[in-house]
Amino acid sequence: TLLGNLEKEQLRQHLVVHINDLLLNDFNKLVRILYRVDVSEQKLKYLLRETPGTDAAVIIADLLIERQEQKIKTKQSFKADDNIPSEDKW
């Protein structure tokens, strides 16, 4: 993974606390964050439905982390090739 296991778990724990707060106090803000990060609404609904005993904040935190890791991997795969002449780069 891009983060070490310990750092990822600490991030996850912080996210769960923050997401629980948003679920209770500012659901609209949570929805905006999920939309901005581009978390799959279908996947979220599926996981919430199929894992009823799991804390929703844990599911959401895992999806946020997963989506951010996907974005990082995508950016890394499209890094500029250093072998391109400078006049051809833009």
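Scroll up a little and you will see the structure.
Residues numbered from 1 in each chain as written. Predicted model: local features only at pLDDT ≥ 70, side-chain atom pairs only at ≥ 80, totals over all residues. Heavy atoms only, no water.

Novice: Requested: an account of helix 4 (residues 56–77), with residues and values cited.
Specialist: Think of an α-helix as turning once every 3.6 residues; residues three or four places apart then point the same way. Along its 22 residues, helix 4 runs 32 Å from first to last C-alpha, staying within 8% of the 32 Å computed at 1.5 Å per residue. Among the residues of helix 4, A57, V58, I59, I60, A61, L63, L64, I65 and E69 are the ones counted as buried. Put simply, D55 is the residue that caps the front of helix 4, since its side-chain oxygen is 3.0 Å from the backbone nitrogen of A57. (Helix = DSSP H or I, 4+ residues; strand = E, 2+ residues; numbered from the N terminus. Expected span 1.5 Å × (residues − 1). Buried < 20%, exposed > 50% of the residue type's maximum accessible area, 1.4 Å probe, protein only. Polar contact = N/O pair within 3.5 Å; in protein donor to acceptor, adjacent residues only side chain to side chain.)

Novice: Lay out unusual backbone geometry in plain terms, naming residues and giving numbers.
Specialist: Positive phi values are uncommon outside glycine, yet D38 reaches one of about 70 degrees. Tracing the backbone through its elements, the reader meets D38 in the loop between helix 2 (27–37) and helix 3 (41–50). Look at D38 and you get partly exposed, because its relative accessible area is 46%.

Novice: Could you give an account of the packing of helix 3 against helix 4, with specific residues and numbers?
Specialist: Closest axis-to-axis distance for the helix 3/helix 4 pair is 10 Å, and the angle between their directions is 145 degrees. Helix 4 is crossed by helix 3, and the crossing has right-handed handedness. Between helix 3 and helix 4, the contacting residues are K43, L44, L47 and L48 on the first element and A56, I59, I60, L63 and E66 on the second. A class-by-class count of the residues in the contact of helix 3 with helix 4 yields seven nonpolar, no polar and two charged. (Axes fitted to C-alpha atoms, helices over the stretch in contact; angles between N-to-C directions. Left-handed = near helix turned anticlockwise from the far one by under 90°. Contact = heavy atoms within 4.5 Å. Nonpolar A, V, L, I, M, F, W, Y, C, P; charged D, E, K, R; others polar.)

Novice: Any chance you could break down the packing of helix 1 (residues 5–25) against helix 2 for me, citing the residues and the numbers?
Specialist: Running from amino to carboxyl end, helix 1 crosses helix 2 at an angle of 125 degrees, the nearest separation of the two axes being 6 Å. Between helix 1 and helix 2, the interaxial angle falls into the category oblique. Seen from helix 1, the contacting residues are I19, L22, L23 and N25; seen from helix 2, they are F27, K29, L30 and I33. Along the lines of polarity and charge, the residues of the contact of helix 1 with helix 2 split into six nonpolar, one polar and one charged. (Parallel < 35°, antiparallel > 145°, perpendicular 65-115°, else oblique.)

Novice: Mind laying out the environment of V39, listing which residues take part and the relevant values?
Specialist: Tracing the sequence through the fold places V39 in the loop between helix 2 and helix 3. Linking V39 and I60, residues 21 residues apart in sequence, is a C-alpha distance of 8.7 Å. Residues contacting V39, with those up to four places away along its chain left out, are L34, L63, L64 and R67.

Novice: An account of the layout of surface pockets is requested, with residue identities and associated values reported.
Specialist: Roughly 300 Å³ of volume is contained in the largest pocket. What lines the largest pocket is a set of 15 residues, and nearest its centre among them are F27, V31, L34, E41 and L44. Taken together, the elements giving at least two residues each to the lining of the largest pocket come down to helix 2, helix 3 and helix 4. With five residues, the top contributor of residues to the lining of the largest pocket is helix 2. Grouping the constituent residues of the lining of the largest pocket by class yields eleven nonpolar, one polar and three charged. (1 Å grid on protein atoms, 1.4 Å probe; cavity = no way out; pocket = protein on both sides within 12 Å on 5 of 7 lines; lining within 4 Å. Points joined across faces, edges and corners; volume = space filled by probe spheres on them.)

Treat this as a map of the structure, not an account of what it does.
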